[in-house]
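Coordinate inspection notes
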Amino acid sequence: MTLSIYDTLTRTVRPINTTNGRANIYCCGPTVYRDAHVGNLRTFVLSDLIRRTIELAGGSVNLVQNITDVGHMSEDVVGQDKMLSQAQAEKKDPFEIARMYEEHFHEDLGLLNVRPADKYPRASQSIELMIEMITDLIKKGFAYVGSDQSVYFDAQRFEGYGQISGNRLNDLKPGHRSEYTDEGGKRFHADWALWKNAGVRSQMIWDSPWGAGFPGWHIECSAMSMHFLNKHVDVHIGGIDLRFPHHENERAQSDATLGFETVDLWVHGEHLLFEGRKMSKSSGNVVLISDLISRGLDPLAARLCFLENRFRSQMDLTWTSLASAHSTLGKWRKKMLQWGDSQEIFEDDEFLNAMENDLDTPRALQRIRTIEKNTEISDAQKRATFLYADKVLALDLSRAPEVREISKEQQSLLDARVIARSQKRWSDSDNLRNELERTGLEISDSADGQRWSWR
Ligand code: AMP
Ligand code: ZN
């Protein structure tokens, strides 16, 4: 068998095809004007699961992920470039901002055991590729220079427009997304900019046959995916919000340039909520990997939480589920030690089948829990099966359980609780205990005072 996965375009679960024995995968990367939050990271873990499942079955993968460091407009400030507005806020050069957050992005991926892509092309270093593609699109009649000297894609010329997202061209209203509002020179409301005239902008601009300017966000993924994956993508991955307009536009650009369907399978990961709410700066509930670490939680607890859900369902992450995943990891690592130290691997078909069936990670986890509890399976075989599963789960199950220090935040909560108890503020003390438990600690009170241990 091979990995079959839900394709947004055909709305069916289809096997992943390979090109010369290798699956060519493109995953839309981060816009590096801020740290990736755990929601973004869920999407990047999705591409890692696809890669690892293909490899578990003996296949090979070539994964390309772009770094967006130019041309992505902000939803918060209409017409403002995300990179430039952050650079202004931090009083830094926009490229300095980009390199800093790009480095953080790689660190976060490492903490979640997401294996590095084979290539991370940067948009700012692929401008020539984009100019070539835009020139070709104009030549082929799919793009035009607008009255404002920006270049636009003529949406009506591309027959299949809207098939990924189900949006029909005539139903799209002008100005419904900030991406469109500063594009005054286009002929039709659903057209979008491939190249934007610099206007008053003086940073992050390049020369082009249409004057100084900068590329649109969508063209970068078409140009880089077609160039670095040799004109054909077996699997294209991104979060559900990218289905429209980003992927719809990307497909139109790539297919129009080459004259054939360039992406075989479109995979979209559903969004992650945090404590029941959409994660956004304005709601103040953006959670980063560094927030988990400062609460004394293993970042891989987030990976385990993602695995407990199907990638196509929206999921709600909470501090309670993270703390419980954290203790599950500790429990499994302890058991792995008790089960021996052999490095032998036992291939389990049921586990692989669950993964290959549209990444059914809850069933794959259920399978290893069944093995863990089965008294008829030897310890050595349990360990060997866990080692096999961990090639995909990547939860560091064979890592020695840590004797961990508590964080500064946990220490100050413990101190506050000692004071609350000495002042007989029992309800404060209970609230502090709940908060400490959410961070993975267990609190008990005795005549000698309070004690804590990791759960
Ligand atoms: P960005 O850095 O905003 O361009 O987003 C990077 C990736 O994260 C894209 O594939 C988005 O679709 C995805 N993404 C954004 N928000 C979430 C979320 N709350 N849950 C899951 N994926 C998300
Ligand atoms: Zn993209």
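No experiment lies behind these values; they were computed from the predicted model shown. (Residues numbered from 1 in each chain as written. Chains lettered and ligands numbered in written order. Predicted model: local features only at pLDDT ≥ 70, side-chain atom pairs only at ≥ 80, totals over all residues. Heavy atoms only, no water.)

Concerning the overall build of the chain
Short version of the rule: To qualify as a helix, a DSSP run of H or I must reach at least 4 residues; to qualify as a strand, a run of E must reach at least 2; elements of each kind are numbered from the N terminus. Radius of gyration here uses only the C-alpha atoms, and the compact-globule reference equals 2.2 Å multiplied by the residue count raised to the power 0.38. Between buried and exposed lies partly exposed: a residue is buried under 20% and exposed over 50% of the maximum accessible area for its type, with that area taken using a 1.4 Å probe on protein chains only. Pairs of residues are marked as contacts when any of their non-hydrogen atoms sit within 4.5 Å. Residue exposure ignores everything except the shown protein chains as possible cover, and the areas themselves are Shrake-Rupley values with a 1.4 Å probe.
Helix and strand counts for the chain stand at 15 helices and 15 strands. Relative to its length of 455 residues, the chain is compact, with a C-alpha radius of gyration of 25 Å against a globular reference of 23 Å. Taken along its principal axes, the extent of the C-alpha atoms in the chain is 80 × 55 × 35 Å. Here the chain holds 455 residues, and the buried ones make up 54% of them. The long-range fraction of contacts in the chain, counting pairs at least 24 apart against all pairs at least 6 apart in sequence, stands at 73%. About 19,800 Å² of surface is accessible on the chain, with carbon and sulfur atoms providing 47% of the total.

Overview of the pairing of strand 4 (residues 60-65)
This is how the line gets drawn: Note on pairing: DSSP must find at least two bridges between two strands before they are called paired. For crossovers, right-handed means that the path from the first strand over the helix to the second runs clockwise, given strands pointing away from the viewer.
Counting buried residues along strand 4, 5 of its 6 residues qualify, which places the element largely inside the surrounding structure. Pairing of strand 3 (residues 22-27) with strand 4, which is carried by 6 bridges, proceeds in the parallel orientation. Counterpart to Arg 22 in the pairing with strand 4 is Ser 60. For the handedness criterion, the β-α-β arrangement of strand 3, helix 1 (residues 38-56) and strand 4 is classed as right-handed.

Observations regarding the packing of aromatic side chains
Note the cut-off: Two aromatic rings, drawn from Phe, Tyr or Trp (for Trp, its six-membered ring), form a pair once their centres lie within 6.5 Å of each other, and the interplanar angle then sorts them: stacked below 30 degrees, edge-to-face above 60, tilted otherwise. Definition used: whenever NZ (Lys) or CZ (Arg) falls within 6 Å of the ring centre and also within 35 degrees of the ring normal, the charge is taken to sit over that ring.
Enumeration over the complete set of coordinates arrives at 11 aromatic pairs. Geometrically, the ring pair formed by Phe 105 and Tyr 120 is edge-to-face, given 6.1 Å between the ring centres and 90° between the ring planes. Of the two residues, Phe 105 is situated in helix 3 (residues 94-111) and Tyr 120 in the loop between helix 3 and helix 4 (127-139); the sequence distance between them amounts to 15 residues. Ring pairing ties together the aromatic residues Phe 142, Phe 153, Tyr 161 and Trp 192, which thus form one cluster. Sitting over the face of the ring of Tyr 144, Arg 187 holds its NZ or CZ atom 3.8 Å from the ring centroid. Above the face of the Tyr 6 ring, Arg 312 is positioned so that its terminal group lies 3.8 Å from the ring centre.

Some details on the site of ligand 1
In plain terms, the rule: The criterion for a residue being near a molecule or strand is simple. One of its heavy atoms has to lie within 4 Å of it. Definition of a polar contact: a pair of N or O atoms within 3.5 Å, with one able to donate and the other able to accept a hydrogen when the atoms are protein atoms, and with sequence-neighbouring residues admitted only if both atoms are side-chain atoms.
Contacts to ligand 1 come from 16 residues, most closely from Gly 39, Thr 43, Gly 239, Asp 241 and Leu 272. In the model, an oxygen atom of ligand 1 is placed 3.0 Å from a nitrogen or oxygen of the Asn 40 side chain. One nitrogen or oxygen atom from the side chain of Thr 43 is found 2.8 Å from a nitrogen atom belonging to ligand 1. Ranked by residue count, the leading element in the shell around ligand 1 is helix 1, at 4 residues.

Concerning the confidence of the model for the chain
Put simply, the rule is: Scored from 0 to 100, pLDDT reflects the predictor's confidence in each residue.
Mean pLDDT over the chain stands at 92; residues scoring 70 or higher make up 95%. Counting interchain partners and residues more than four positions distant, the pLDDT-below-50 stretch residues 176-181 has 21 contacts.

A word on the coordination of the zinc ion (ligand 2)
When a metal holds four donors in a tetrahedron, each ideal angle between them is 109.5 degrees; when it holds six in an octahedron, the ideal angles are 90 or 180 degrees. As a reminder, the rule being used: Because no water is among the atoms considered, metal sites can look incomplete, with donors defined as N, O and S atoms within 2.8 Å of the metal, or 3.2 Å for Na, K and Ca.
Taken together, the protein donors to the zinc ion (ligand 2) comprise Cys 28 (SG), Cys 221 (SG) and His 246 (NE2), at separations of 2.1 to 2.2 Å. Read N to C, the donor residues that coordinate the zinc ion (ligand 2) are spaced as C-x192-C-x24-H. Taken as a pair, Cys 28 in the loop between strand 3 and helix 1 and Cys 221 in helix 6 (residues 217-228) lie far apart in primary sequence, 193 residues in all. Exposure remark for Cys 28: the relative accessible area of 6% places this residue in the buried category.

Here we look at the domain arrangement of the chain
Our working definition: How far each domain reaches was decided by an automatic or database domain assignment. Defined here as a combined quantity, buried area equals the accessible surface (1.4 Å probe) lost by two parts on assembly, summed across both.
As assigned here, the chain comprises domain 1 (4-269), domain 2 (273-393) and domain 3 (408-454). Averaged C-alpha coordinates put domain 1 and domain 2 at centres separated by 30 Å. Residue-level contacts link 29 residues of domain 1 with 32 residues of domain 2. Buried surface at the junction of domain 1 and domain 2, both sides included, amounts to about 2,600 Å², of which 70% is carbon and sulfur. Interface area lost by domain 1 to domain 2 is led by Val 38, Arg 42 and Leu 56, which between them contribute 28%.

As for the nonpolar core
Heads up, the condition is: The nonpolar core is taken to be a set of buried Ala, Val, Leu, Ile, Met, Phe, Trp, Tyr and Cys residues, with the residues joined through side-chain atoms within 4.5 Å.
Core analysis: the largest hydrophobic core is formed by 122 residues, its most contacted members being Ile 50, Leu 322 and Phe 351. Ranked by residue count, the leading element in this core is helix 1, at 9 residues. Excluding anything up to four places from it in sequence, Leu 322 contacts Phe 274, Leu 292, Leu 297, Ala 301, Ala 302, Cys 305 and Leu 317. Residues Ile 406, Leu 432, Leu 441 and Ile 443 belong to the second largest nonpolar core, which totals 8 residues.

So, helix 3
Counted only if it meets this: One fewer than the residue count of a helix, multiplied by 1.5 Å, yields its expected span. Within this analysis, the arc is defined by the directions that extend from the helix axis to the C-beta atoms.
For helix 3, with 18 residues, the first-to-last C-alpha span of 26 Å sits near the 26 Å given by 1.5 Å per residue. Along helix 3, the positions that sit buried rather than exposed are Pro 94, Ile 97, Ala 98, Tyr 101, Glu 102, Phe 105, Asp 108 and Leu 109. Along helix 3, the residues classed as buried sweep out an arc of 130° about the axis, all on the same side. Summarising the contacts, the buried residues of helix 3 are in contact with helix 1, strand 4, helix 2 (82-90) and helix 8 (289-294). Residue Asp 93 occupies the N-cap position of helix 3, its side-chain oxygen lying 2.9 Å from the main-chain nitrogen of Phe 95. Just past helix 3, the residue Asn 113 takes up positive phi, approximately 55°.

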